[in-house]
Amino acid sequence: MNYQKELEKKLSTIKEQNIKPKLLLHACCAPCSSYCLEYLTEYFDITVLFYNPNISSETEYTKRVNELKRFVKECDKCEGVTVVDMEYDSSEFYEAVQGLENEKEGGVRCFVCYELRQRKACQYAKDNGFDYFTTTLSISPHKNAAKLNEIGAKLEAEYGISYLYSDFKKNNGFKRSIELSNEYNLYRQDFCGCEFSKRNKGEEVIALFRYSSDEKNVAKKKFFVDNVVRKFVPLSLIIHITMTFMIKMI
């Protein structure tokens, strides 16, 4: 299924009806929300739900939700948008993924996390009289849009509230989110949120620097450092990864 085409059909119908249904938009962070809000505010009366118990620490959680609130306040197209900040409780995430700690990033553990967050959004939407619910997660190239929409359809059937099918990365949505992040100087985290994704990011960097020193791999390293590390990776993480690599080489 082309989820972007499905979304476009739905938005066209809504525009013809000259109404603004109430949409609950689950948000993972400000950068991912930026394009979604810019795109959808024309069609919906939006409330943003920040529920992400997967985030590795309360400090990181607070940083992300505050950045989201700042964007909503500063963005002209977000007039009338409200943000609901759910209490941080990481135990909900750890209970959900118990036994899946060693699953690969982007696999079964992530799918359980998708459903945990989407289910909370769906329940909140139903309890508070919303017409639709959806999530910003599909804007990320690292997220499985088919699985997200599959879960959304399942919850729609279970709770009796409409899910807004979407694949926000399409139509240059991800690119636009980067542009908006730069425009509003948004904090762009370098990992999804949980301790497992953070660990995986560090292992990717270490693996890259274990390549042989042939010309092809030297070029890969230079590109990675110039275009990823220097732009997105915090200095503290670079130091941690460097020390880990040095210890493993002893």
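Up top you'll find the structure we're talking about.
Now for a look at the structure at hand. The written sequence of each chain sets the order in which its residues are numbered from 1. At least 70 in pLDDT is required for a residue's local features to be given in this predicted model, at least 80 for side-chain atom pairs to be given and counted, and no such filter applies to totals for whole chains, interfaces and linings, which use all residues. Side-chain calculation: all heavy atoms of the structure are included, whereas hydrogens and water are not.

## Details of the overall build of the chain
Secondary structure elements follow DSSP: runs of H or I of four or more residues count as helices, runs of E of two or more count as strands, with numbering from the N terminus. Looking only at helices and strands, the chain has ten helices and five strands in total. The rule is simple: take the accessible area with a 1.4 Å probe, protein chains only, and divide by the maximum for that residue type; under 20% is buried, over 50% is exposed, in between is partly exposed. Here the chain holds 250 residues, and the buried ones make up 45% of them. For the chain, the computed accessible surface area is about 13300 Å², with 51% contributed by carbon and sulfur atoms. The accessible surface values rely on the Shrake-Rupley method and a 1.4 Å probe; as for residues, cover is taken only from the protein chains in view.

## Topic: helix α1 (residues 3-17)
One turn of the α-helix equals 3.6 residues, which is why residues spaced by three or four share an orientation. The span expected for a helix works out to 1.5 Å for each residue beyond the first. The end-to-end C-alpha distance of α1 is 21 Å, a good match for the 21 Å that 15 residues give at a rise of 1.5 Å each. Those residues of α1 lying buried are Y3, Q4, L7, L11 and I14. Down the axis of α1, the smallest arc covering the buried residues is 95°, so these residues share one side. Exposed and facing more than 90 degrees away from the buried side of α1 are K9 and E16. Contacts are assigned to residue pairs with any non-hydrogen atoms lying within 4.5 Å of each other. The inward-facing, buried residues of α1 abut α2 (30-40), β4 (132-135) and α6 (145-159). For α1, the side-chain oxygen to backbone nitrogen distance between the N-cap and Q4 is 3.2 Å, and the N-cap itself is N2. Note that the arc is computed from the directions linking the helix axis to the C-beta atoms. For this analysis, a polar contact is any N or O atom pair within 3.5 Å, provided that within protein one partner can donate a hydrogen and the other can accept it, and provided that sequence-adjacent residues contribute only side-chain to side-chain pairs.

## Quick notes on the pairing of β4
Regular strands place their side chains on alternate faces of the sheet. Alternating residues of β4 divide into Y132 and T134 and F133 and T135, and every residue in both groups is buried. Relative to β4, strand β1 (residues 22-27) runs parallel, the two being bridged by four bridges. Looking at the pairing, L24 lines up with F133 of β4. At least two DSSP bridges between two strands are needed for those strands to be called paired. Direction of pairing for β4 relative to strand β5 (residues 162-163): parallel, over a ladder of two bridges. Counted as the bridge partner of F133 is Y163 from β5.

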